[in-house]
Amino acid sequence: MKGTLLLIAMMLVLPVTMIGCATTGELEKVQADQKMLDAKVEQAVQDAQAAKAAADAAKAKADDATARADNAIKAAEEKERIADEKAKKADAAFQKSMRK
Amino acid sequence: MCRFADLSLSAGCFRLIALWLCILSLQGCAALQSVPGKSALAPGHLAAGIERNDFSVAKGDDVIGRLAVVRLEKGDTLPDIARHFGLGITALSAANPGVDVWVPEAGKPVILPLSFILPDAPRRGIVVNVATMRLFQYKGDGKSLAVSTYPVGVGTKERPTPTGPTRVYRKAARPTWHVPASIAEDHRKKGDPLPAEVPPGPENPLGEYALYLSKPGYLIHGTNKPASIGLKATNGCMRLYPENIEVLFNDTPVNTPVAIVNQPYLIGQRNGVLYLEVHTPLEDSGAPELEKMYEKLRAIEKKAGRPLDWKKIREVQTEARGIPVPIFKLRQGSEQEVANPLEVEHPDKLSGRPEIPDLKLDAWYVLAADVRNEIDARRIAAIINHQGPPIPARVLAKNDDYRVLAGPFADIGEARDAVKRLKIDLEIDGILIDPVRK
């Protein structure tokens, strides 16, 4: 009976020990994989951040160009309006000067 | 077989005729819709001149003259072009929207609106349409009718030209201007008091000739401010270019009937084509006159039994370019009679253009403006040049600045007088410049 119990105990302990050994190896591998993955993720995040920064910079540049174009259009319109106003003012003064 | 051949031959003929008719009708459409401004002549084939004032009136017709086109040259102003071609400045500007009056672009073609619909008034004596700022003088022996037409300056909004029938009751060459109390008061307020009477001469606003009307205080006269022709600038009188009043004066006997009308919307026909000419109406007269125009057009549509192109009518009304525009064929085939604008040569010298004497070192000058923009400087100089009596002015470039220099003046008195006129008339503070060499 004792012998049977010992056998059963040994049969239980051995596989558990063996399982434990297998888990440690796997864990190391997983850990190594994870490390690599982490590095990759880090790289990807960095790449994404760099891409976003580049996109943001490009957008800012485009926004700046648009704003500058808008300003240029506004300035041209303003210049035209001032020229028109000047011409109208000059014309009004002329018409007044044509009275007796 | 023979029958088949005959049939195909006649069908072919029929198709040919149909095609020919189709092409003809398309050409008609093009003529009727011709845009004023496109010349009938190719470049290099320009007409030497065009009739400006004297026209015969065909029986049953209401439209006289022809549109023309001229290409501007450097230094031209619209008032100079207007005077040379017998037009008023408002009429020329309205026909050429967007063209700078004083500094127009050289090489640009401008339309000369030398076609007119006669006002809806009896065709005798003198008829003045204040809305179009044009005078018509009818001459005829009963068999044929001729008309001479001239642009006029009319009354301001505050002192409009009165409409209605009147007549010439007196004529005077080299008239004296008896200054009305209201005008004397206006001048006194401006700091420019006038004498009770202004004798004949360059200071006299009546110019060299005057026709006194039976309506007291109103005259048809010349001017010492030719650039004012085609403007609402008078105290109710009608003024003409000096060269036009001379002809009218010599051609008009005392007692000639004069009808003064206000017709901004003119409808008339020539060679079976109905035309519409729209001018910007004078203040407060637009709505009733517009209603009259629509009433007339509806009556024409009813009589013709065909619909008018109301979209086109509204376009002509909105644009108000003062040009007779063909809007309806009263009879078939008549559309081919619509003439394209004639392209005329730019004259070597524009008649009446202000002369600018050469610079003299022993003369007085007035610095009228010192500006950064060349266009502004040229505009100021042109406006000063077109004062009446004229004040010569030119633009001198100095580094990045442009100076407008009025003169030369023979003495300090003349120069001071110019400073005063620039201040009173144009609100310009001129600076006296004494001679370099005395």
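Note that the structure is predicted; figures quoted are calculated from it, not measured. (Residues numbered from 1 in each chain as written. Chains lettered and ligands numbered in written order. Predicted model: local features only at pLDDT ≥ 70, side-chain atom pairs only at ≥ 80, totals over all residues. Heavy atoms only, no water.)

Draft legend 1. A look at the overall build of chain B. Summing up its helical and strand segments, chain B has 9 helices and 25 strands in all. Buried residues in chain B amount to 50% of all 438 residues. Nonlocal contacts in chain B, meaning residues at least 24 apart in sequence, comprise 70% of its contacts between residues at least 6 apart. Element-wise, carbon and sulfur atoms account for 55% of the exposed surface of chain B, whose accessible area totals about 21,800 Å². (Helix = DSSP H or I, 4+ residues; strand = E, 2+ residues; numbered from the N terminus. Buried < 20%, exposed > 50% of the residue type's maximum accessible area, 1.4 Å probe, protein only. Contact = heavy atoms within 4.5 Å. Areas by Shrake-Rupley, 256 points an atom, 1.4 Å probe, with all protein chains shown as cover.)

Draft legend 2. Seen up close, the overall build of chain A. Check the secondary structure of chain A and you find 1 helix and 0 strands. Residues counted as buried form 7% of the 100 residues belonging to chain A.

Draft legend 3. Region of interest: the pairing of strand 3 (residues 68-71) of chain B. Pairing between strand 3 of chain B and strand 4 (residues 109-112) of chain B: 4 bridges, direction antiparallel. What sits directly across from V70(B), in strand 4 of chain B, is V110(B). (Pairing = 2+ DSSP bridges.)

Draft legend 4. Quick peek at the packing of helix 6 (residues 286-304) of chain B against helix 7 (residues 310-319) of chain B. Residue and element names in this part refer to chain B. Contact geometry for helix 6 and helix 7: axes closest at 13 Å, N-to-C directions at 155 degrees. Relative to helix 7, helix 6 is oriented roughly antiparallel. Judged by the sense of rotation from one axis to the other, the crossing of helix 6 with helix 7 is right-handed. Contacts between helix 6 and helix 7 involve L290, M293, Y294, L297, R298 and E301 from the first element and W310, I313, R314 and Q317 from the second. Of the residues in the contact of helix 6 with helix 7, the class split is 6 nonpolar, 1 polar and 3 charged. (Axes fitted to C-alpha atoms, helices over the stretch in contact; angles between N-to-C directions. Parallel < 35°, antiparallel > 145°, perpendicular 65-115°, else oblique. Left-handed = near helix turned anticlockwise from the far one by under 90°. Nonpolar A, V, L, I, M, F, W, Y, C, P; charged D, E, K, R; others polar.)

Draft legend 5. Inspection of the interface of chain B and chain A at higher detail. Between chain B and chain A, the residue contacts involve 27 residues of the former and 12 residues of the latter. Summed over both partners, the interface of chain B with chain A comes to about 1,600 Å²; 58% of that surface belongs to carbon and sulfur atoms. In this assembly, chain B and chain A are joined by 3 salt bridges. Across the chain B-chain A interface, the total number found is 6 residue pairs in polar contact (both at pLDDT 80 or more). (Buried area = accessible area lost by both parts, 1.4 Å probe. Salt bridge = Lys/Arg side-chain N within 4 Å of Asp/Glu carboxyl O. Polar contact = N/O pair within 3.5 Å; in protein donor to acceptor, adjacent residues only side chain to side chain.)

Draft legend 6. Structural context of the environment of G155(B). Residues and elements named next belong to chain B. Within the secondary structure, G155 sits in strand 9 (residues 154-155). Since its relative accessible area comes to 5%, G155 is described here as buried. Among residues more than four places away in sequence, those in contact with G155 are P160, T161, K232, A233, T234, G236 and C237.

Draft legend 7. Structural detail: empty space enclosed by the protein. Residues and elements named next belong to chain B. Across all of its chains, the model carries 2 cavities of 30 Å³ or more by this definition. By volume, the second largest cavity is sized at about 130 Å³. Contributions of two or more residues to the lining of the second largest cavity are made by strand 5 (115-117) and strand 7 (134-140). Across the lining of the second largest cavity, the residue classes tally to 9 nonpolar, 5 polar and 3 charged. (1 Å grid on protein atoms, 1.4 Å probe; cavity = no way out; pocket = protein on both sides within 12 Å on 5 of 7 lines; lining within 4 Å. Points joined across faces, edges and corners; volume = space filled by probe spheres on them.)

Draft legend 8. Here's a closer look at the sheet that holds strand 20 (residues 325-329) of chain B. Residues and elements named next belong to chain B. Read from one edge of the open sheet, 3 strands run 18-19-20, paired in antiparallel fashion. If you trace the sheet from one side to the other, it starts and ends with strand 18 (265-270) and strand 20, each paired once. Neighbouring strand axes in the sheet, compared pairwise and without regard to direction, differ in orientation by 30 degrees on average. As defined by bridge partners, strand 19 (residues 273-278) adjoins strand 20 across 4 bridges and the pair is classed as antiparallel. The residue of strand 20 that forms the bridge with Y275 is P326.

Draft legend 9. Expanded view of the sheet that holds strand 1 (residues 54-57) of chain B. Strands sit in the order 1-8-7-6-17-10-13-14-16 (chain B) across an open sheet of 9 strands; the sheet is mixed. Edge positions in the open sheet fall to strand 1 and strand 16 (238-239) of chain B, since each of these has one partner strand only.

Draft legend 10. Representation of the layout of surface pockets in the model. One number sums up the size of the largest pocket: a volume of about 840 Å³. In terms of lining, the largest pocket is formed by 32 residues, of which the most central are A87(A), V99(B), D100(B), V101(B) and R379(B). Ranked by residue count, the leading element in the lining of the largest pocket is helix 1 (residues 2-97) of chain A, at 10 residues. Here the residues of the lining of the largest pocket are counted per class, giving 15 nonpolar, 6 polar and 11 charged.

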